Each structure stands twice: as structure tokens, then as C-alpha cells.
Amino acid sequence: MKKISLLLLSAILVSSCVSKKEFAALQSEKLKTEEELRIVKTNLQKCLIEKEKEDTKVFALQEQVKYLKEDKKSALKQVENLTVLTQSSSDNIKNVISQLSEKDKYINGIRKAMTQKDSINLAIKYHLTRNLTDGIQDKDIEVNVEKTVVFISISDKLLFKSGSYNVTENAYTVLEKIAKVIKDQPQMEVMIEGHTDPTPIKRDLIQDNWDLSALRATSITRILQYKFGVKPARLIAAGRSQYVPLVENNSPENMAKNRRTKIIIMPKLNQFFDLLEQDSE
């Protein structure tokens, strides 16, 4: 009996040992499966994110294609409108060309002048230079043309004594020539600007450089009006003091350049073409 009991106990113990080994194997397999599942889930999440990015790119490209198609339609419409406009205005263009061909000299003069930067300005400058003749060669006189406006700059030593607004005798020759140009073109407006250097000044009737520049401008204006017969309604007198220098006032030479009187001639457009026509004859 005792032998039987020992045998049964031994069998139970052996059976119990085998079950623990199997359990441990199953437990290991379970952990391995869970790890593989986790990796699969991670990869799936990455794939979903990449898919979302690609979907966004596809949408952007689709929108770009849509925009390009609309832009192409708009461009084609503009070309169609331009074609219609060109056809409808063809007769008018032909008429204009026909009229221009009747004035070959005028057209040739404009074409020649247009080889320069501005044909109108060149015509004005040529006309002014021709009238001033010898006066324009003086180193104290400078003529420039910019955007249909003629600028004549005259140094103060040619017009005035130092610190004075009384015009010298030498100035009348130049002012007479300028007056002739002005009178030959009655529709021109003329502005006379006085400019000084920054040296302080205070004398009888002159409080500062504002006074001096304005008094010099009015002195030239009076001579153009009373001595040379320019209509006063066309004249403008302005004082600019020292505040619009040509160069820095850092030397006696530069200060002398800044002491000047500026005569600005501003013709109307029809005078420009009259001048061009005169020069092409």
C-alpha cells in the first residue's frame, strides 16, 4: 500500500513540473506576440501619417492644376479681346498714318530727335542755346533740361555784389538774351529762384539769407519786367535761402557754386511741338 502511494505522489509531482514548463513557454510566446503587435501598430501609424501627407500634396497639386486651367482660359479671353480691338481700330490707325505721311519733314525731325533721351527737351535746349549764343559759353552760366523744364543757373558773382541784391551792369547782357527767349514763347511761365550759401547775413532791409535770396529773385524779376518787357503775369519770384545747395558747403569753391540765381522756364506742350517743327524746317 505504501509503495502504491509513493508511486502516485511521484506521478503527480512529475505532472506538475511539465505544466510549469509549458506555462513558461506559453508566457514567452505571449510576450513575443504582444511585441510583434506593438511593432505592427507603430508601423501602421507611420503609414497613416505618410498617407495624410501625400493626400495633402495631391490636393495642392490638384488646386494648382485648376488655377492654371483658369489662368489659361483668362489669357485666351484677353487674346480674343485684343484681336477684336485690333481689328476695330485698324482703320483709325491707317488714317493716322496717312495724315502723318503728309508731314514728312516734321516726322523726320521727331525721329531724329528721338534717338536721344527726350526729343522735346532737346528741341527746347537747342532753341534756347541758339538765342543765348555767346552768353551760354560763360563758365558762370549753366543750362540744363529735365522733364520738359529748362533750368538756367547763373552764379551770383555775375549778377550781384557780395551780400547785395543790386544787379551789376555785366548782368544785363545775359538777362537781355534770356528775356528774348522768354518773349519769343509767350505761353511759357518763368520762375526766378534766389539761392545763397549758409553764411549768416544781417544788414539794412536784410534780416537773413531768406531775405537776401528773395530780394535777389525780385530784383531779376523787375529787370525782366520793366527793362525788357516780359509780362509780369508770367513771372514768379521765389527765395530758397541756403536750403537747396548743389554741393556741400565745405569749401569756398563749393559755397560759390551754391550762391546762384536759377531761372526756370516751363513751356506748355504745344510750344514743344512748335519748337520741334521749327527745328525740322
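These remarks concern the structure in this document. None of these values were measured; they are calculated from a predicted model.

The next subject is the nonpolar core. Of all hydrophobic cores here, the largest spans 28 residues; its most connected members are Ile152, Ile154, Ile220 and Ile263. Contributions of two or more residues to this core are made by strand S1 (141-146), strand S2 (149-155), helix H4 (156-159), helix H5 (171-184), strand S3 (189-195), helix H6 (209-227) and strand S5 (260-266). Per-element accounting of this core gives the leading share, seven residues, to H5. Those residues in contact with isoleucine 220, other than ones at most four positions away along the chain, are Leu159, Phe160, Val167, Leu175, Ile192, Thr261 and Ile263.

A few words now on a nonpolar patch on the surface. Together, Trp210, Tyr243 and Val244 make up an exposed nonpolar region whose accessible area comes to about 320 Å². Residue classification places tyrosine 243 among the exposed residues on the basis of a relative accessible area of 52%.

So, on to the side chain of arginine 216. Mapped onto the fold, arginine 216 is located in helix H6. A polar contact is formed between the side chain of arginine 216 and the backbone oxygen of lysine 161, at a distance of 3.3 Å. Among the polar contacts made by the side chain of arginine 216, one reaches the main-chain carbonyl oxygen of serine 164 at a distance of 2.8 Å. Apart from residues no more than four positions distant in its own chain, arginine 216 is found in contact with Asp156, Phe160, Lys161, Ser162, Gly163, Ser164 and Tyr165.

Direction of pairing for S3 relative to strand S4 (residues 235-239): parallel, over a ladder of five bridges. Opposite isoleucine 192, over in S4, you have alanine 237 as the bridge partner.

On to unusual backbone geometry, then. Excluding glycine, residues mostly carry a negative phi; peptide bonds, for their part, are mostly trans. One non-glycine residue, leucine 205, adopts positive backbone phi at about 70 degrees. With respect to the secondary-structure elements, leucine 205 resides in the loop between S3 and H6. By relative accessible area, which is 67% here, leucine 205 ends up exposed. One non-glycine residue, serine 241, adopts positive backbone phi at about 55 degrees.

Calculation criteria
Residues numbered from 1 in each chain as written. Predicted model: local features only at pLDDT ≥ 70, side-chain atom pairs only at ≥ 80, totals over all residues. Heavy atoms only, no water. Core = buried A, V, L, I, M, F, W, Y, C linked by side-chain atoms within 4.5 Å. Buried < 20%, exposed > 50% of the residue type's maximum accessible area, 1.4 Å probe, protein only. Helix = DSSP H or I, 4+ residues; strand = E, 2+ residues; numbered from the N terminus. Contact = heavy atoms within 4.5 Å. Patch = residues over 30% accessible without salt bridge, like charges linked within 9 Å, V, L, I, M, F, W, Y side chains within 5 Å. Areas by Shrake-Rupley, 256 points an atom, 1.4 Å probe, with all protein chains shown as cover. Salt bridge = Lys/Arg side-chain N within 4 Å of Asp/Glu carboxyl O. Polar contact = N/O pair within 3.5 Å; in protein donor to acceptor, adjacent residues only side chain to side chain. Pairing = 2+ DSSP bridges.

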